[in-house]
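Chain by chain, the residues:
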Amino acid sequence: MRILIIEDEKKLARALKESLEHEGFDVDVAHTGEEGFFLANERPCDLMILDIMLPGRDGIDVLSTLRKRDWRMPAIILTAKDTVEDRVLGLDCGADDYLVKPFATAELLARVRALLRRRGDERATTLNVTDLAMNLITRDVSRAGRSIELTAKEFELLEYLLRRQGTVVTREMLARDVWKVSVRAVPLDNVIDVHMARLRKKVDQGFAVPIIQTIRGVGFIARPPTP
Ligand code: CA
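Because the structure is predicted, anything quoted here is derived from the model rather than measured. What you see as residue numbers is a count from 1 along each chain, following the sequence as written. Restriction of local features to residues with pLDDT of at least 70 applies here, the model being predicted, together with a cutoff of 80 or more for giving and counting side-chain atom pairs; totals for whole chains, interfaces and linings are based on all residues. Think of the side-chain values as coming from all heavy atoms in the structure, minus any hydrogens and water.

1. A few points about the packing of helix H2 (residues 33–42) against helix H3 (residues 59–68)
Turning to step 1, where the next piece is worked out: Interaxial angle, 0 to 180 degrees, is taken between N-to-C directions of lines fitted to C-alpha atoms, where a helix line uses only the stretch in contact. Labels follow the DSSP assignment, with helices taken as runs of H or I lasting at least four residues and strands as runs of E lasting at least two, numbered in each case from the N terminus. At their nearest, the axes of H2 and H3 sit 9 Å apart, and the two run at 25 degrees to each other. With respect to H3, the element H2 is oriented roughly parallel. Remark: the crossing between H2 and H3 carries right-handed chirality. Two secondary-structure elements touch here, H2 through Gly33, Phe37, Ala40 and Asn41 and H3 through Val62, Thr65 and Leu66.
Turning to step 2, where the next piece is worked out: When residues are grouped by polarity, Ala, Val, Leu, Ile, Met, Phe, Trp, Tyr, Cys and Pro land in nonpolar, Asp, Glu, Lys and Arg in charged, and all others, Gly among them, in polar. Tallied by class, the residues present in the contact of H2 with H3 amount to four nonpolar, three polar and no charged. These descriptions rest on fixed angle ranges, namely under 35 degrees for roughly parallel, over 145 for roughly antiparallel, 65 to 115 for roughly perpendicular, and the rest for oblique. Each crossing gets its handedness from the near helix: less than a right angle anticlockwise from the far helix is left-handed, clockwise is right-handed. In this analysis, two residues are considered to be in contact whenever any of their non-hydrogen atoms come within 4.5 Å of each other.

This is the structure in structure tokens:
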């Protein structure tokens, strides 16, 4: 398996290359965005690790251009500062995961392995409805670039809705698949409704058009706002 590293800090690039080679990967290194972009097109790789801050063409530009051209391999971005904007920007440009510098090599290797495990798996790594984005790896959720904090259950609920966007999800389905309860009990409906109300507040409050809607007497649906 081949990994492409695009990193202008030569010492860091060399250290990463050595660690990854030690794990049995073939590694290419580029020190500029332009060179990295060229290599990504020239030589197929299974995963890319790229720094955002690069001389000339930056990592965001390199990755978003590759994604627009249908480059589908997993990508991990390295960011110098841990700001929500940076993470959102990085994930919006098509990264699957990110690491904030300085990071432990063991952490990077774990992320690489996790992403490669998922490769070939047809499961989407991000789910989107218009300006709502859900990254299933980093578990970051944002709407219009604004980060949304969800509980584990709310995350599960939203994922369930987004995977079936445009189709109605019933309380029975939620009870069975999200709560893992096969026999439907009345009290569970209330639990579902309470969780759904909290989720909708987080996702839709402050936006003119809701993404999650109630279909009276049937259930819920996630769909793009109709103009
Ligand atoms: Ca850099």
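2. Regarding the pairing of strand E1 (residues 2–6)
Turning to step 1, where the next piece is worked out: Of all five residues making up E1, four are buried, and the element is well covered by its neighbours.
Turning to step 2, where the next piece is worked out: Here, a strand pair is defined by DSSP locating no fewer than two bridges between the strands. As paired strands, E1 and strand E2 (residues 26–30) are joined by five bridges and run parallel to one another. Each residue of the ladder has a partner; that of Ile3, found in E2, is Val27.
Turning to step 3, where the next piece is worked out: Taken together, E1, helix H1 (residues 10–22) and E2 form a β-α-β motif whose crossover is right-handed.
Turning to step 4, where the next piece is worked out: Where E1 meets strand E3 (residues 47–51), four bridges bridge the pair, whose relative direction is parallel. Each bridged residue has a counterpart across the sheet, and for Ile3 the counterpart in E3 is Leu47. Accessibility here uses a 1.4 Å probe with only protein chains present; expressed as a share of the type maximum, an area under 20% marks a residue as buried, one over 50% as exposed, and anything in between as partly exposed. When the strands point away from the viewer and the path from the first strand over the helix to the second turns clockwise, the crossover is right-handed.

3. What to know about the sheet that holds strand E10 (residues 169–170)
Turning to step 1, where the next piece is worked out: Spatially, three strands are ordered E10-E12-E11 in an open sheet, and the strand pairing comes out antiparallel. Of all the strands in the sheet, just E10 and strand E11 (212–215) have a single pairing partner and so form its edges.
Turning to step 2, where the next piece is worked out: Inspection of the sheet shows E11 paired to strand E12 (residues 219–222) by four bridges, in the antiparallel sense. When the sheet's bridge partners are listed, Gln213 is paired in E12 with Ile221.
Turning to step 3, where the next piece is worked out: Those strands touched by helix H6 (residues 152–163) are E10, E11 and E12, and its axis lies near 70 degrees from that of E12.

4. Considerations on the packing of aromatic side chains
Aromatic ring pairs are described here by two measures, namely the spacing of the ring centres and the angle between the planes.
Turning to step 1, where the next piece is worked out: Between rings of Phe, Tyr and Trp, where Trp is taken as its six-membered ring, a pair exists when centres lie within 6.5 Å; planes separated by under 30 degrees are stacked, by over 60 edge-to-face, and by other angles tilted. Applying the stated criterion to the full structure yields zero aromatic pairs.
Turning to step 2, where the next piece is worked out: A ring has a charge above it when a Lys NZ or an Arg CZ is no more than 6 Å from the ring centre and no more than 35 degrees off the ring normal. Its guanidinium or amino end placed over the ring of Phe37, Arg57 lies 4.2 Å from that ring's centre, counting from NZ or CZ.
Turning to step 3, where the next piece is worked out: Above the ring of Phe155, the side-chain terminus of Arg139 is found at 3.9 Å from the ring centroid.

Treat this as a map of the structure, not an account of what it does.
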